[in-house]
Amino acid sequence: MTASQRFVDLEHAARELAAVVPLRVDGRIDFVLALGDKASSIAGVVAQQMECDCLVLPIARGDAPMIGTVPDCAGRSVLVVDRGVETGQAAMLAAGALRGAGVARLLLAVPVCPRQAEWTLAGAYDDIIALQRPLGRRSLQWHFSAPLE
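In this report, the structure presented in the accompanying data block is examined. What you see is a predicted model, and the numbers here were worked out from it, not measured in a lab.

About the cut-offs
Residues numbered from 1 in each chain as written. Predicted model: local features only at pLDDT ≥ 70, side-chain atom pairs only at ≥ 80, totals over all residues. Heavy atoms only, no water. Axes fitted to C-alpha atoms, helices over the stretch in contact; angles between N-to-C directions. Helix = DSSP H or I, 4+ residues; strand = E, 2+ residues; numbered from the N terminus. Parallel < 35°, antiparallel > 145°, perpendicular 65-115°, else oblique. Left-handed = near helix turned anticlockwise from the far one by under 90°. Contact = heavy atoms within 4.5 Å. Nonpolar A, V, L, I, M, F, W, Y, C, P; charged D, E, K, R; others polar. Phe/Tyr/Trp six-rings, centres within 6.5 Å; stacked < 30°, edge-to-face > 60°. Lys NZ or Arg CZ within 6 Å of the ring centre and 35° of its normal. Buried < 20%, exposed > 50% of the residue type's maximum accessible area, 1.4 Å probe, protein only. Polar contact = N/O pair within 3.5 Å; in protein donor to acceptor, adjacent residues only side chain to side chain. 1 Å grid on protein atoms, 1.4 Å probe; cavity = no way out; pocket = protein on both sides within 12 Å on 5 of 7 lines; lining within 4 Å. Points joined across faces, edges and corners; volume = space filled by probe spheres on them.

## Some words on the packing of helix α1 (residues 10-24) against helix α2 (residues 40-50)
Moving on, step 1. At a minimum axis distance of 8 Å, the contact between α1 and α2 shows a crossing angle of 30 degrees. It follows from the interaxial angle that α1 and α2 lie roughly parallel. The crossing of α1 and α2 is right-handed. Between α1 and α2, the residues in contact are Leu10, Ala13, Ala14, Arg15, Leu17, Ala18, Val21 and Pro22 and Ser41, Ile42, Val45, Val46, Gln49 and Met50, respectively.
Moving on, step 2. Classifying every residue of the contact of α1 with α2 by side-chain character gives eleven nonpolar, two polar and one charged.

Right, here's the structure in full:
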């Protein structure tokens, strides 16, 4: 899939991401963490492919995003999955909370991550897996043919 192609919907993005993640992850993942309820459809497919549990990290998005209760991840390998990255603010907030909870290895997997956001997130995550890495930032909806819920 090229950067100019759009995903049909979240299911399409989930299948594409689940096909790539196992090829990029070196070693065991203890669990997949969906960044909010809306990411759980993609995270669930990825977790099934990785043969591990999927948990949801509650997040309130907006002008001042807030992370809910962080699961026990001390000394564990965690794969954070979201529907995509626009600014990287939510993914950065999640990384800070998980690092503070003692995660041993932290990876991020998303269908879309603009390069500028990826550069910002690179210091917070051990690896970032993104199917599309556009040069410029656009709304997440732009990358999908069907409306996002």
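## Here's the deal with the packing of aromatic side chains
Moving on, step 1. Following the criterion strictly, the structure yields zero aromatic pairs and no others.
Moving on, step 2. Lying across the ring of tryptophan 142, arginine 6 places its NZ or CZ 4.4 Å from the centre.

## What about the side chain of serine 77?
Moving on, step 1. Mapping serine 77 onto the fold places it in strand β5 (residues 77-81).
Moving on, step 2. Residue serine 77 is classed as buried on the basis of its relative accessible area of 12%.
Moving on, step 3. Reaching out from serine 77, the side chain makes a polar contact with the side chain of arginine 105 at a distance of 3.4 Å.

## Quick notes on the layout of surface pockets
Sizing a probe to match a water molecule and rolling it over the atoms shows the empty space that remains.
Moving on, step 1. A volume near 290 Å³ is recorded for the largest pocket.
Moving on, step 2. Around the largest pocket, the lining is made up of 14 residues, and of these Arg61, Glu86, Thr87, Gln89 and Ala90 lie nearest the centre.
Moving on, step 3. In terms of residue class, the lining of the largest pocket is made up of five nonpolar, five polar and four charged.
Moving on, step 4. Taken as a whole, the second largest pocket encloses approximately 160 Å³ of empty space.
Moving on, step 5. Surrounding the second largest pocket, Asp9, Leu10, Glu11, Lys38, Ser41, Arg83, Ala146, Pro147, Leu148 and Glu149 form its lining.
Moving on, step 6. Per-class residue counts for the lining of the second largest pocket are four nonpolar, one polar and five charged.

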